[in-house]
Amino acid sequence: MEHRELCSHTVENNRKAAHSCVSIVPIFNHLQEEEMKKVVKATRPISLKRGESLYQAGDVSDSLYIIHQGKIKIYRLSENGKEQLIRILQPGDFTGELALFTESIHEVYAEAMEKTEICSIHRTDLHLLLRKFPDISLKILSEFSNRLERTELQMTSFVTEDIETRIASYLAQQVEENESTDFKLSMSRKDLASFLGTTPETISRKLAKFEDAGWIEQEDHRVIRILNQEALLTADD
């Protein structure tokens, strides 16, 4: 009896966690409650420790992964083994969406940056959901468009902007995304350097320069206060 009660309690907790996970994702949060329950039934939980891989380049892409708690970094490796950070996924973000349309192989790596809880939905179940709720497809295509735009902007900045401008633009972007001039960097300086195409030492040196100029204030290694956003936006002028 106690075993059955424990199993029932675990199942209920997993169901609540899955509902919470699905409800924060833009591609699903427009659904009605009964529709949401059908999505929840198709999910399965995945728990990762810091440093564990969700998938690696070369793995078969057959599921959609939704971040419930924690953070996942998406990166690729150059021929010499250097890591190039592409983006960081936080609660409500998802990856593996190409599995919705075709069986493919992952070309990048996905790794937990901290203890992370994920809801996954296999391609077969996703296809059934898309037939029932075609609006989900439109939401996914919209996210594709947004990601493509962000990737193009990132690649363009690598070619046309110097590193000081890239760092200044990144800080200005954080103000918009956090809707505050006080924010905590979502990644370490090592990861930020990988994301912006430079070194951690250069990141520290440029941030110190911005602080000396009165543009920013560093409360600690991760927390930054923007004092002069206009100066950051015109850093390349």
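Report on the accompanying structure. What you are looking at is a predicted structure, and each value in this text was computed from that prediction instead of being measured. (Residues numbered from 1 in each chain as written. Predicted model: local features only at pLDDT ≥ 70, side-chain atom pairs only at ≥ 80, totals over all residues. Heavy atoms only, no water.)

## Here's the deal with the pairing of strand S9 (residues 109–112)
As a reminder of what qualifies: Buried, partly exposed and exposed residues are distinguished by accessible area as a fraction of the type maximum, computed with a 1.4 Å probe on protein chains only: under 20%, between the cut-offs, and over 50%, respectively. Secondary structure counts use DSSP, requiring at least four H or I residues in a row for a helix and at least two E residues in a row for a strand, with both numbered from the N terminus. At least two DSSP bridges between two strands are required for those strands to pair.
Residues Tyr-109 and Glu-111 line one face of S9 and the alternating positions Ala-110 and Ala-112 line the opposite face, and both faces are buried. The sheet contact formed by strand S5 (residues 72–77) and S9 spans 4 bridges and is antiparallel. Across the sheet, residue Lys-73 finds its bridge partner in S9, namely Glu-111.

## Brief notes about helix H7 (residues 200–212)
The test is simple: Multiplying 1.5 Å by the helix residue count minus one yields the expected span of that helix. What the arc covers is the set of directions going from the helix axis to the C-beta atoms. The contact criterion used is simple: two residues touch if any of their non-hydrogen atoms lie within 4.5 Å.
Taking 1.5 Å per residue as the helical rise, H7 with its 13 residues ought to reach 18 Å, and the 18 Å between its terminal C-alpha atoms agrees with that figure. Looking only at H7, the buried set comprises Thr-202, Ile-203, Lys-206, Leu-207 and Phe-210. Angular distribution of buried residues about the axis of H7 spans 130°; they occupy a single face of the element. In H7, the exposed positions that point more than 90 degrees away from the buried face belong to Glu-201, Arg-205 and Asp-212. Check the buried side of H7 and you find it contacts helix H5 (163–178), helix H6 (189–196), strand S12 (216–218), strand S13 (223–226) and helix H8 (229–233). One or two positions beyond H7, positive phi appears at Gly-214, with a value near 85°.

## Quick look at the nonpolar core
Which entries qualify depends on this criterion: Residues belong to one nonpolar core when they are buried, are Ala, Val, Leu, Ile, Met, Phe, Trp, Tyr or Cys, and are joined through side-chain atoms within 4.5 Å. Reported domain spans reflect what an automatic or database domain assignment gives.
In this structure, Leu-171, Phe-210 and Ile-216 are the most contacted members of the largest nonpolar core, which totals 27 residues. Residue assignment for this core shows that the elements contributing at least two residues are strand S6 (83–89), H5, H6, H7, S13 and H8. Among the elements that line this core, the one with the most residues is H5, at 6 residues. Structurally, this core is a two-domain feature, drawing no fewer than three residues from each of domain 1 (10–149) and domain 2 (161–234). Those residues in contact with Phe-210 that sit more than four places away from it in its chain are Glu-164, Ile-167, Ala-168, Leu-171, Trp-215, Ile-216 and Leu-232. Of all hydrophobic cores here, the second largest spans 23 residues; its members include Ala-18, Val-39, Leu-100 and Ile-121.

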